[in-house]
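Read off the chains here:
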Amino acid sequence: MKAVGSRRFKQALLVSGGSSVADKIRLRLEIRVTVDPLRPEEDHTDNWRVSDAEGPPTLCDLCLAQVCRSLSSLCSMRADGSMSLIWAPVFPQETADQLLNHMAAKEILNDTTVGIFRNCKELRLRRASIRSCPLSAEAFHLALCPHRLLELDASWVSGGLTGADIVSGLASNPECRSSLQRLSLNGLRLDWESLEANGGIHVGFSSLRGLRMLNLANTDLNDAALEDICTLPHLETLDISCSAISKLTALLECKNTLRSLIAHRQRHLDMSPARLVFVFSQLHALKHLDFSEDHFSVDDSDGRDGDETVRQLLEGSPQVLPSLVSLDISGRKRISEAAIRSFVESRSGLVFLGLLATGVSSCDFFSTQKNLKVTGEADENQVCEALRRYRDRECFVREALVHLYSLTTDTDKPQPDVLKLVVSGMQRHPTSLHIHLVATACVFNLTTQDLAEAMPISLLSSTVTQLLNTMKNFPNHQQVQKNCLLALCSDYILQEVPFDKYLAAMLVINWLSSHEDPTLQRMAVAVISILVAKLSTEEMAQFSKDIFIMKQLLAIVQQKAMVGVVDSTLKFALSALWNLTDEMPVAARNFIECRGLELYEEVLESYYTEPSIQQKVLGLLNNIAEVEELQVDLMEEDLLEHILSLLQDSQVDVGVRYFAGGILAHLASRPDAWTLENELRSTVLKQLHDSIMTWTHLEREMVSYRSFHPFCPLLQTCQPAGVQLWAVWAIHLVCTQNTSHYSSMLEKEGLTELLKALAAHPSTHSDIKGLSDSILSMVEQHQIHAGAFNNQTAPQSS
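Small disclaimer: the values here were computed from a predicted structure and weren't measured.

1. Quick look at the overall build of the protein
Inference 1: Counting its secondary structure elements, the protein contains 33 helices and 16 strands.
Inference 2: Dimensions of the protein, computed from C-alpha atoms along their principal axes, come out at roughly 105 × 60 × 60 Å.
Inference 3: Across the protein, the fraction of contacts at a sequence separation of at least 24, relative to all contacts at a separation of at least 6, is 72%.
Inference 4: Entry remark: accessible area of the protein is about 33,000 Å², with carbon and sulfur atoms responsible for 49%.
Inference 5: In the protein, the 70 positive side-chain charges and the 97 negative ones have mean positions that sit 7 Å from each other.

What follows is the structure in C-alpha cells.
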C-alpha cells in the first residue's frame, strides 16, 4: 500500500547568481507574456526552419519516428560499418529530408546511420540538416555529396568534419555546384590548410556558383576567403559574425546582389569608421544590416570604432542605405534617441530595429511606429522579439532573459509562447551558466500557481525535460538547482505531465544529500514523495535498491523527530518512505537495516496525538508486515501491544486504527511464524473483529494499492475471521472510492474467485460474507456498465 494525496507548494525565495545583472532576483510564484509569431523573412539569425507549432504529431511524424526507432531491424550493415536499408520504396522527396532531420534531432545521425542516404534513388535529399551531428569527412562525402542539394545546414557538426571538407565534397558533384543555394557552416573550422596538407585540392566557395545564402558565423573566415566569396554571382545573404575578417572592402564586389549582411561582433576589423560607412553606403541592394556587438565581452576601448561607425551611420545622410528594411545595432554604446528618431523617420520602409542593451529602446517615439518591431528591454514585446531573433547569441539571450524575469514576476495570465522562447534559449545554450541561471527563474515564473494548467502538456513535458538536463549539467551550482526545484515543485506538473520521473527523483535526492536549507529541503522531500508514487514497478525496484536514498529520508525523519516538530517536511519524508517500501521487499529490508524500525517505534510513541503522522508510520509498517521473511522483525511484544492499543481505542482516528489492524492481520495470519505468546495472538484476532465492526465508512481516500497480491493469503477460507474481515473491509473501502480501477484489478488478479469462495464457505462469518457480496456486486455492476458503454461506442454496420 502507498500514501495518496499531495498539496500545492508556495514559497518566496531570494535567487542570486553568477552575473551582476542577475544578482538577487526575487522569485515569487506568479507570471506571463504574449508575442506575435515571427515572420520568416524578419529573422536573419541562423534559425534553420524551426517550427513552434503545438498540437498532436502528424501521421508522417509518427511514421518517421517509428523508422528512427527501428533502424537496426530495417537495415543491413556494409563492410565499412555503415547502415543500408534492406528495402525501401521511393520516398517522396520532402519525406527523405524529414527523415534526415528527424534523425539529426533525435541525435542518432552519425557515421553509421547516415549510410542509409547513400541510396540516392529511393532517398533523394534536397534540404538537408546535419546540425550538431558527429560526422566524419568520409561519411559526409559518401552519403550527402551525391545528392542534388538545394540547402545544407552543417552548423556545429562534430566528428572532425571541417568547412573545407564540406565545400570540396559538395563541389565534387557537378550538380551541386549549380543547385546549392543555402549553406550554413556556423561554428566550424574552415581549415583549408589541413585539406591541402592531406593532398586535397583547395576549392573555394566561389565554385558553388548557385549560392544565395552563406552563413560563416563563428568560423576562422579570413580576408582572402571573403574576397573569394564576394565573387559569387547570386550572393544575397552573408553572415560573417564572430569571424577573423579585418577588411570589408571585398563586399563592394557584390554590392548589386547582397541584400542581407550579418556582421555581429566583428572584433578584428581594421578599418576607420568613415571607411566602413562608405562600404555600407555602396551596398545598393542591401535591405538588412546587422552590425551588433556583444556588450558583455567588450570594454569601452575595444568597441569604440564600431560604436563610432554606428553613430556616423545614424547621423549621416538619408541617402546612405535609403531602402534599409532592418537594422540591428544591439549592444552598441553612445547612441542618442535623436539620432535613432532621425534615422527611422528618413527610412519609411524600416520594419525592424535591434536596440537591445543600447539604452535607447524605451524612446517614446516608438509608440507611434506601429509597423516597426524593436528588440530591447522597454516592454515584453521588445524582450520576446529579442528572444526570437537572437536564439543563437548567448549575450543577447542572457540579457533578454534578465529583463523577462522582471517583467513576468507579477503576471497572472498563461503565456505558452513565451515559455517556448525560454526553453528554446536553454536548449540552444546547454553549457551557459548565465542563461540557465536566469532561464530557470523565468520558467518558475511562467509555470507557477495555476498557470501551468493552461499550458499545452507537450510544452510542459519538454520544459521539465530541459529542467532535468539543466540539473544534470550544473550539479554543483546551488542557485540553478534551487530554481529547478522551485519550478518542479508543482502538484499539476508532478502529477499530470509526462517526463522521466525516475531521473527526476534521482537528481532531487542527490541534491538533497548536500543541502540543509529548511525551505528547500521541504520542497525536495515533497517532490520525491510524489515522484516515488509515480514510478513504474521496474523503476521503483531499481530506485529502492539504493540504500543511500533510505538513509537520506530516515535522516530527515530523525532530525524532525528529535525536536518533536510536526511540519510538512516530516510528513512528506514519511510519505516518501511509505511509497518507497510499497511491495518492495528490498526497500523494506533496507529500512530495517538502517534502523528505521527503532526510529518508527519512537515516532509512534512521540506523536501519539498526531493521526496524520501515525497513519504514515503505520502504513510503512504494513508494507513490512506484507513481506513474510521480514515479519519476524516486527515480533516485538511492546510494539505489537502499542499497535493493538491503537486498534482498540475508539477515540483514535479510524484511519490510524485501519493501518494498525492491517499490521496485526498480516502478522496473525501465519500462526507458524508467530513467535510471541499465543494469548496475544488470540487477543489480536478477537480485537480485529470487534474493532472493525465499529468503524465508520471513510469518504476521503487515504490509501491506494499497487496490486491486491498481499491480500491473497488473508482471504483464504482457513484464515481466522479477524484476518479475513480486515482484508474484505480494506478492499470494500477502496472499491467504493474508485470502483472502476479496483474492480478491474480484482478481476485481473483473480481475487473475485477468492471472494466468491469466501462468501460461499459455510464457516465464513456473516459480517465477512456481507462485505464480500457487496464487493462482488460492485464488480458485477462495473462489468455491466463497461459492457453497455462498449456497445454504445462500438462502430455500427448498416
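The rest of the description comes next.
2. Some thoughts on the environment of Gln559
Inference 1: Looking at where Gln559 falls in the secondary structure, it is placed in helix H22 (residues 547-563).
Inference 2: For the pair Gln559 and Gly81, spaced 478 residues apart in sequence, the C-alpha to C-alpha distance is 57 Å.

3. Brief notes about helix H13 (residues 394-408)
Inference 1: In this model H13 runs 21 Å from its N-terminal to its C-terminal C-alpha over 15 residues, within 8% of the 21 Å that 1.5 Å per residue would give.
Inference 2: When you tally the buried positions in H13, you get 11 out of 15 residues, the bulk of the element.

4. Concerning unusual backbone geometry
Inference 1: The phi dihedral of Trp156 is positive, around 55°, even though this residue is not glycine.
Inference 2: In this structure, Trp156 sits in the loop between strand S7 (151-153) and helix H5 (163-171).
Inference 3: Take Trp156: its relative accessible area is 41%, and that puts it in the partly exposed class.
Inference 4: Of note in the backbone geometry, Ala357 takes a positive phi value of approximately 60° without being a glycine.
Inference 5: Mapped onto the secondary structure, Ala357 falls in the loop between strand S14 (352-354) and strand S15 (373-375).
Inference 6: In this structure Ala357 comes out as buried when scored by relative accessible area, which is 18%.

5. Regarding helix H30 (residues 721-737)
Inference 1: Compared with an ideal rise of 1.5 Å per residue, which puts 17 residues at 24 Å, H30 spans 24 Å between its outermost C-alpha atoms and is within 8% of the ideal.
Inference 2: Most of H30 is tucked away, with 14 of its 17 residues classed as buried.

6. Notes on a negative patch on the surface
Inference 1: Residues Glu602, Glu605, Glu636, Glu637, Asp638, Glu641, Glu677 and Glu679 make up a contiguous surface patch of negative charge.
Inference 2: Broken down by secondary-structure element, the contributors of at least two residues to the negative patch are helix H25 (596-606) and helix H27 (637-648).
Inference 3: If you trace the backbone, Glu677 turns up in the loop between helix H28 (654-668) and helix H29 (678-692).
Inference 4: On the accessibility criterion, Glu677 (59% relative accessible area) is exposed.

7. Concerning the packing of H27 against H29
Inference 1: In the contact formed by H27 and H29, the axes pass within 10 Å of each other and the chain directions differ by 25°. Here H27 lies roughly parallel to H29, going by the angle between them. Handedness of the H27/H29 crossing: left-handed. Counted together, Glu641, Leu644, Leu647 and Gln648 of H27 and Leu680, Thr683, Val684, Gln687, Leu688 and Ser691 of H29 form the full contact between these two elements.
Inference 2: Per-class residue counts for the contact of H27 with H29 are five nonpolar, four polar and one charged.

8. What to know about the pattern of salt bridges
A side chain with one charge may pair with a side chain of the opposite charge, provided their charged atoms come close.
Inference 1: Under the defined criterion, the tally for this structure stands at 27 salt bridges.
Inference 2: The partner of Arg118 in a salt bridge is Asp80, and the shortest N-O contact between them spans 2.7 Å. Here Asp80 lies in the loop between strand S4 (75-77) and strand S5 (83-85) and Arg118 lies in the loop between helix H3 (93-105) and strand S6 (127-129), a separation of 38 residues in the sequence.
Inference 3: Take Asp80: its relative accessible area is 47%, and that puts it in the partly exposed class.
Inference 4: Here Asp307 makes a salt bridge to Arg332, at a shortest N to O gap of 3.6 Å. Of this pair, Asp307 sits in helix H10 (residues 304-315) while Arg332 sits in the loop between strand S13 (326-328) and helix H11 (337-345), and the two are 25 residues apart along the sequence.
Inference 5: Taken together, the shared-partner salt bridges connect Arg267, Glu293, Asp307, Arg332 and Arg334 into one network.

9. Things to note about the side chain of Arg389
Inference 1: With respect to the helices and strands, the residue Arg389 is situated in helix H12 (residues 380-389).
Inference 2: Of the residues examined, Arg389 reaches a relative accessible area of 3% and is grouped as buried.
Inference 3: Side-chain polar atoms of Arg389 contact the side chain of Glu385, separated by 2.8 Å.

10. Notes on the sheet that holds strand S12 (residues 288-290)
Inference 1: Taken together, 10 strands build an open sheet; the order of strands is S6-S7-S8-S9-S10-S11-S12-S13-S14-S15 and the sheet is parallel. What marks the edges here is a single partner per strand, and that holds for S6 and S15. Across the sheet, the mean angle from the axis of one strand to that of its neighbour is 5°, orientation sign disregarded.
Inference 2: Both S14 and S15 contribute to a ladder of three bridges, which runs parallel. Residue pairing in the sheet places Phe352 in a bridge with Lys373 of S15.

11. Topic: the packing of aromatic side chains
Inference 1: Here the structure, examined in full by the defined rule, presents 17 aromatic pairs.
Inference 2: Taken together, a centroid distance of 5.8 Å and an interplanar angle of 90° make the contact between Trp192 and Phe205 edge-to-face. Within this pair, whereas Trp192 is found in helix H7 (residues 192-197), its partner Phe205 is found in the loop between H7 and strand S9 (213-215), the two being separated by 13 residues in sequence. The burial state of Trp192 is the same as that of Phe205; both residues are buried.
Inference 3: Pairing Phe280 with Phe291 gives two aromatic rings, centres 5.6 Å apart and planes at 75°, and the pair type is edge-to-face. With Phe280 in helix H9 (residues 273-281) and Phe291 in the loop between S12 and H10, the pair connects residues that are 11 residues apart, well separated along the chain. Residues Phe280 and Phe291 agree in their burial class; the two are buried.

12. Topic: the nonpolar core
Soluble, globular proteins show a tendency: their nonpolar side chains are buried together.
Inference 1: Grouped together as the largest cluster of nonpolar side chains are 167 residues, with contacts concentrated most on Tyr600, Leu621, Tyr658, Tyr705 and Trp726.
Inference 2: Counting residues per element, this core draws most heavily on H30, which supplies 11 residues.
Inference 3: The next biggest cluster of nonpolar side chains, apart from the first, holds 99 residues, and it includes Leu71, Leu149, Leu185 and Trp192.

13. Quick look at the environment of Ser348
Inference 1: By the element assignment, Ser348 lies in the loop between H11 and S14.
Inference 2: When its relative accessible area of 78% is taken as the criterion, Ser348 is described as exposed.
Inference 3: Along the primary structure Ser348 and Thr231 are separated by 117 residues, whereas in three dimensions their C-alpha atoms are 31 Å apart.

14. Regarding the packing of helix H14 (residues 416-428) against helix H15 (residues 433-447)
Inference 1: Running from amino to carboxyl end, H14 crosses H15 at an angle of 155°, the nearest separation of the two axes being 10 Å. With respect to H15, the element H14 is oriented roughly antiparallel. By crossing handedness, the relation of H14 to H15 is classed as left-handed. Contact residues: Val418, Leu419, Val422, Gly425 and Met426 in H14; Ile435, His436, Ala439, Thr440, Cys442, Val443, Leu446 and Thr447 in H15.

15. Observations concerning the state of the cysteines
Inference 1: Tallied over the entire structure, the rule returns zero disulfides.
Inference 2: In this structure Cys68 is not part of a disulfide, and its nearest cysteine sulfur, from Cys75, lies 11 Å away.
Inference 3: Judged by relative accessible area, Cys68 falls into the buried class, the value being 9%.

Cut-offs used in this document
Residues numbered from 1 in each chain as written. Predicted model: local features only at pLDDT ≥ 70, side-chain atom pairs only at ≥ 80, totals over all residues. Heavy atoms only, no water. Helix = DSSP H or I, 4+ residues; strand = E, 2+ residues; numbered from the N terminus. Contact = heavy atoms within 4.5 Å. Areas by Shrake-Rupley, 256 points an atom, 1.4 Å probe, with all protein chains shown as cover. Lys, Arg positive; Asp, Glu negative; His and termini not counted. Charge placed at Lys NZ, Arg CZ, Asp CG, Glu CD. Expected span 1.5 Å × (residues − 1). Buried < 20%, exposed > 50% of the residue type's maximum accessible area, 1.4 Å probe, protein only. Patch = residues over 30% accessible without salt bridge, like charges linked within 9 Å, V, L, I, M, F, W, Y side chains within 5 Å. Salt bridge = Lys/Arg side-chain N within 4 Å of Asp/Glu carboxyl O. Axes fitted to C-alpha atoms, helices over the stretch in contact; angles between N-to-C directions. Parallel < 35°, antiparallel > 145°, perpendicular 65-115°, else oblique. Left-handed = near helix turned anticlockwise from the far one by under 90°. Nonpolar A, V, L, I, M, F, W, Y, C, P; charged D, E, K, R; others polar. Polar contact = N/O pair within 3.5 Å; in protein donor to acceptor, adjacent residues only side chain to side chain. Pairing = 2+ DSSP bridges. Phe/Tyr/Trp six-rings, centres within 6.5 Å; stacked < 30°, edge-to-face > 60°. Core = buried A, V, L, I, M, F, W, Y, C linked by side-chain atoms within 4.5 Å. Disulfide = S-S within 2.5 Å.

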